Each structure stands twice: as structure tokens, then as C-alpha cells.
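# Working through the structure, step by step
Each chain is listed here by its residues.
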Amino acid sequence: QNPLTISSAHENIIVDCCSPGPFNENTIRDIFISENEMNLAYIFAPPMSLSMSCLAMLEAARMKKTLDLDFGRKLLAAESGIQREDQSSLSEFDVLKGLFRSINLRTDKSIKDELEPIRLLGVFLVLINRDQNASFDWIKGNRLSLMQYGFKCRIYEETQTLLDKKEIFGLSKGEERFTRLLCEKLSSLKGK
């Protein structure tokens, strides 16, 4: 029997953590591989273990059916320029795969690679719950989050900066639409 195959009448979750670390020149960027498989990849820079905790929360929200998939579809529609009606057929898996990719930890980073954790944090906060304040409270209370120790998140302000300096950061029209929609949704977190 394959060591990762378990025969049971119950559902099983298998975590295969055989990576030597984040700086291993890994080029795999996809997090959501299939309906039943995900890579435990970084969405925030190390040494923060927060990435794995957030991926676990995404999976828990997926299982509890609390993901704001409608807003996720709107974000993807904004970025691609496709009409919203055409996006309604996107599955939960399509939305997660379209919105979440691991950050580039290699040395060949672009300016957009450097800004990706800002986008990912914003998307995480608006996707795991329809109420971003509840999402924020979860991340603030997470023992792996620096926000638990008094640091400010400033995700609304950081996202607004991306819009204000879109030319400097080289945002495409689709990325600008995506970021504007995200910023509007994050507005209740202003000053946090």
C-alpha cells in the first residue's frame, strides 16, 4: 500500500511536509492544486508561520462554506475584464486558484512580487468571511500574527497606496480595477 494512502470509512487529511524550507529555489507557485489537494506554500514572507495558519483558515472557511465566493468572483472579473455574468460559473476551486498563489521567495523578484503579500493579505481578509472585521479579529488574535503584539495591519492604507502609486508600481488596468475593488471592500479596516 502507498504510504500516503489510508483506507478508512472516514475522511482523511494527509499533510506531507517534506520541504527543506522556504529558500529552496522552489518554483511551484500554485497553492490550490485540485479540489482535494493544496500546496503549503508561503503567502507572506518568512519567518512568519502565519502563512500556514492562514491557509488552514482558508481551508476551514471552505469546509464551513463561509468563503465570500461572490466577492472573489467579482475580483477575478475585475482583473480579467470579463463580465460578471460570465464569472458566475466559477467554482470554489477556480476562485481560490485564481486568487491565491505563493509569493516569490527567489532572488529574481520584480516590484510586483514584492507587493504580492499586500494583495494576498487583503484578499484573505475579504474572502474568509463576508465581514472583514471578523476576519481581521481572527488574524489579530492569531498567536502567529504580529498584530497580536500591537503592530498595526494597515491593509486598507497599503492597498490605497498601491492605487495612488499605480504608475510607479506598474499596475495594469486589470490589476488597478482589482485593487480598487479590494480597497473599497477593505475600507472598514481603515486605521486598524
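None of these values were measured; they are calculated from a predicted model.

## Examining the overall build of the chain
- Along its length, the chain carries nine helices and two strands.
- Going from N to C terminus, the chain has its helices and strands arranged as β-β-α-α-α-α-α-α-α-α-α.
- Burial status across the chain gives 39% buried among its 192 residues.
- Considering only contacts in the chain between residues 6 or more positions apart, those separated by 24 or more positions represent 63%.
- Summed over all atoms, the accessible surface of the chain reaches about 11,200 Å², with 52% contributed by carbon and sulfur.

## Overview of unusual backbone geometry
- Here the phi dihedral of K65 falls at roughly 65°; this positive angle occurs in a residue that is not glycine.
- Structurally, K65 can be placed in the loop between α1 (50–64) and α2 (69–80).
- By relative accessible area, K65 is classed as exposed at 61%.
- Phi is positive for R154, close to 55°, though the residue is something other than glycine.
- By secondary structure assignment, the location of R154 is in the loop between α6 (132–141) and α7 (155–164).

## Observations concerning the packing of α7 against helix α9 (residues 173–185)
- One can describe the packing of α7 onto α9 by two numbers: an axis separation of 9 Å at closest approach and a directional angle of 150°. Judged on the interaxial angle alone, α9 and α7 are roughly antiparallel. Along this stretch, α7 crosses α9, giving a crossing that reads as left-handed. Here Y156, T159, Q160, L162 and L163 of α7 come into contact with α9, specifically with E176, T179, R180, L182 and C183.
- When its residues are assigned to classes, the contact of α7 with α9 shows five nonpolar, three polar and two charged.

## Some words on the side chain of E92
- Looking at where E92 falls in the secondary structure, it is placed in helix α4 (residues 92–99).
- The residues touching E92, leaving out its near neighbours within four places in the chain, are R62, K65, L67 and L69.

## Re helix α5 (residues 111–127)
- Given a rise of 1.5 Å per residue, 17 residues ought to cover 24 Å, and the 25 Å separating the end C-alpha atoms of α5 matches this to within 8%.
- Most of α5 sits out of view: 13 of its 17 residues are buried.

## Things to note about the environment of E35
- Position of E35 relative to the elements: it lies in the loop between β1 (32–34) and β2 (37–38).
- For E35 and F93, which are 58 residues apart along the polypeptide, the C-alpha to C-alpha distance reads 6.1 Å.
- Setting aside its immediate chain neighbours within four residues, E35 contacts R62, S91 and F93.

## Some words on α6
- Along α6, the residues classified as buried are Q132, S135, F136 and I139. For α6, the angular spread of the buried residues around the axis is 100°, confining them to a single face.
- Each element contacted by the buried residues of α6 is listed here: α1, α5 and α9.
- Two or three places before N133, at the opening of α6, D131 has a side-chain oxygen 3.0 Å from that residue's backbone nitrogen.

## With respect to the confidence of the model for the chain
- This prediction gives the chain a mean pLDDT of 84; 81% of its residues lie at or above 70.
- Within the chain, helix α3 (residues 84–87) has the poorest average pLDDT of any element, 60, and α7 the best, 97.

Rules used throughout
- Residues numbered from 1 in each chain as written.
- Predicted model: local features only at pLDDT ≥ 70, side-chain atom pairs only at ≥ 80, totals over all residues.
- Heavy atoms only, no water.
- Helix = DSSP H or I, 4+ residues; strand = E, 2+ residues; numbered from the N terminus.
- Buried < 20%, exposed > 50% of the residue type's maximum accessible area, 1.4 Å probe, protein only.
- Contact = heavy atoms within 4.5 Å.
- Areas by Shrake-Rupley, 256 points an atom, 1.4 Å probe, with all protein chains shown as cover.
- Axes fitted to C-alpha atoms, helices over the stretch in contact; angles between N-to-C directions.
- Parallel < 35°, antiparallel > 145°, perpendicular 65-115°, else oblique.
- Left-handed = near helix turned anticlockwise from the far one by under 90°.
- Nonpolar A, V, L, I, M, F, W, Y, C, P; charged D, E, K, R; others polar.
- Expected span 1.5 Å × (residues − 1).
- Arc of directions from axis to C-beta.
- Polar contact = N/O pair within 3.5 Å; in protein donor to acceptor, adjacent residues only side chain to side chain.
- pLDDT = per-residue confidence, 0-100.

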